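Here is what each chain is made of, one letter per residue.
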Amino acid sequence: MLKYSNRPTVVATFISSLLSLQLGAPSNQALAQGQTRTQAQGQAQVQRQVQGNGQARPPIQPLAPAPILTAAQQAAKYKEQGEAAYEAKNFALAVSCYSRALSLLPHDAANSLADLYYVRAMAHDVTGQFERGTADWQAARDNYAKALLGNKAGVNVEFATSYRDELNELVHWRATQSPSSPDYCDSIHCKRLAPGSVLKVFISQSKKTGFSPELRTFIFQAMRLWCQFPGSPIRMELWPTQYDSNIIVQRATADDPMNIGSAGQTTSNGRELVSKSFVNLSAPSYDEKDMTPRAKEQLFNLTLHETGHALGIDGHSPSGLDVMYFKSPLIKLSDRDANTIRKIYQ
Ligand SMILES: [Zn+2]
């Protein structure tokens, strides 16, 4: 399963405003005191005027009154900019924005700190910074726990509780994982589908739960990446009927509880041999004409990840550099993804 729910879709135009902020940024100290860029620069200009010729000129006022942002508002702004950078796949910039936001928040802002550590952990993971990611997942868990103990004003108790518990499991699991071994078979439960044969893939054409011919082709392209690396044991063909296919792909509807993306297997012996797999994919519409390039890329990424589950990867890779990482943004397989599927089907 893959979740996009905590990746706000902020437009990438924030990036340019962020870059301009960085180029002329006031010191962190000025920001921490609640000053805006315009105010800090205005004061610096006045100082230069006095120091230049030894005589004070009439003070130069800032061009326009700028709103005074509190540290919390400034932190929220940096978080938004970090999320925009993440969406644009500028992960280093995202980390930098999140770090700035974290430096502005007081220690007792536990819920906001937890949210920030959470998103920075993902950014660390997808750049291969596993240890830093682990430290941030721990900090996110601890701050959700702290938020639940203190004054709960502004805290979504249900959300914070489930994230505290999920992150607790994640942190313990990561402590036993190696993100750099040749494959991640030790991190997952390995299953396999109809070994040795060509897998029949049925992609629904239904207007309600299926895809247009163009999107079916697009989805099958993503699925076939699992067949196209050297030595891949997987073969697939599109199949016209559902009842005798191996993998059934459908569009998740809005009332589906798993409306982002999910995959499931029906095992014939209750354990490792899969008789049929199901893949549910979220997409804005039946047709691609209403989809942005970013939405199409997300569908490609989701299909690639969920197909890995459908083929028998029951679990996730601990490394953010693999498609089977639980929040992977990738649109191609890593060597470890390829090695893992080779090993499962050898
Ligand atoms: Zn998954």
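Scroll up to find the structure.
Small disclaimer: the values here were computed from a predicted structure and weren't measured. (Residues numbered from 1 in each chain as written. Predicted model: local features only at pLDDT ≥ 70, side-chain atom pairs only at ≥ 80, totals over all residues.)

**Student:** Would you mind going over the pairing of strand 7 (residues 273-281) with me for this structure?
**Tutor:** Sheet topology note: the strand 2 (residues 192-193)/strand 7 ladder contains 2 bridges and is parallel. Bridge assignment links Leu193 to a residue of strand 7, and that residue is Val274. (Pairing = 2+ DSSP bridges. Helix = DSSP H or I, 4+ residues; strand = E, 2+ residues; numbered from the N terminus.)

**Student:** Can you walk me through helix 5 (residues 91-104) in this structure?
**Tutor:** Within an α-helix, residues lying three or four positions from one another point in the same direction, as the helix has 3.6 residues per turn. Helix length check: helix 5 (14 residues) gives 20 Å between terminal C-alpha atoms against 20 Å at 1.5 Å per residue, within 8%. Among the residues making up helix 5, those that are buried are Phe91, Leu93, Ala94, Val95, Cys97, Tyr98, Arg100, Ala101 and Leu104. (Expected span 1.5 Å × (residues − 1). Buried ≥ 20, exposed ≤ 12 C-beta atoms within 10 Å, placed from the backbone.)

**Student:** Help me out: how do you make sense of the packing of helix 6 (residues 110-126) against helix 7 (residues 130-149) in this one?
**Tutor:** For any two helices packed against each other, one specifies the inter-axial angle together with the distance between the axes. Closest axis-to-axis distance for the helix 6/helix 7 pair is 8 Å, and the angle between their directions is 160 degrees. Judged by the angle between their axes, helix 6 and helix 7 are roughly antiparallel. Both helix 6 and helix 7 take part in a crossing whose hand is left-handed. Within the contact between the two elements, helix 6 uses Ala110, Asn111, Leu113, Ala114, Tyr117, Tyr118, Arg120, Ala121, His124 and Asp125 and helix 7 uses Phe130, Arg132, Gly133, Asp136, Trp137, Ala139, Ala140, Asn143, Tyr144, Lys146 and Ala147. Among the residues making up the contact of helix 6 with helix 7, the classes are represented as 12 nonpolar, 4 polar and 5 charged. (Axes fitted to C-alpha atoms, helices over the stretch in contact; angles between N-to-C directions. Parallel < 35°, antiparallel > 145°, perpendicular 65-115°, else oblique. Left-handed = near helix turned anticlockwise from the far one by under 90°. Contact = placed C-beta atoms within 7 Å. Nonpolar A, V, L, I, M, F, W, Y, C, P; charged D, E, K, R; others polar.)

**Student:** Would you mind going over unusual backbone geometry with me for this structure?
**Tutor:** Note: most peptide bonds trans; most residues except glycine with negative phi. Unusually for a residue other than glycine, Lys89 sits at a positive phi of about 65 degrees. In this structure, Lys89 sits in the loop between helix 4 (71-87) and helix 5.

**Student:** What should I look at first to understand the pairing of strand 5 (residues 247-251) in this one?
**Tutor:** In summary, the side chains of a regular strand alternate between the two faces of the sheet. Counting buried positions over the 5 residues of strand 5 gives 4, a clear majority of the element. As paired strands, strand 3 (residues 199-203) and strand 5 are joined by 3 bridges and run parallel to one another. Each residue of the ladder has a partner; that of Phe202, found in strand 5, is Ile248. Pairing analysis gives 5 bridges linking strand 5 to strand 7, with the strands arranged parallel. Residue pairing for strand 7: Ile247 is matched across the bridge by Ser277.

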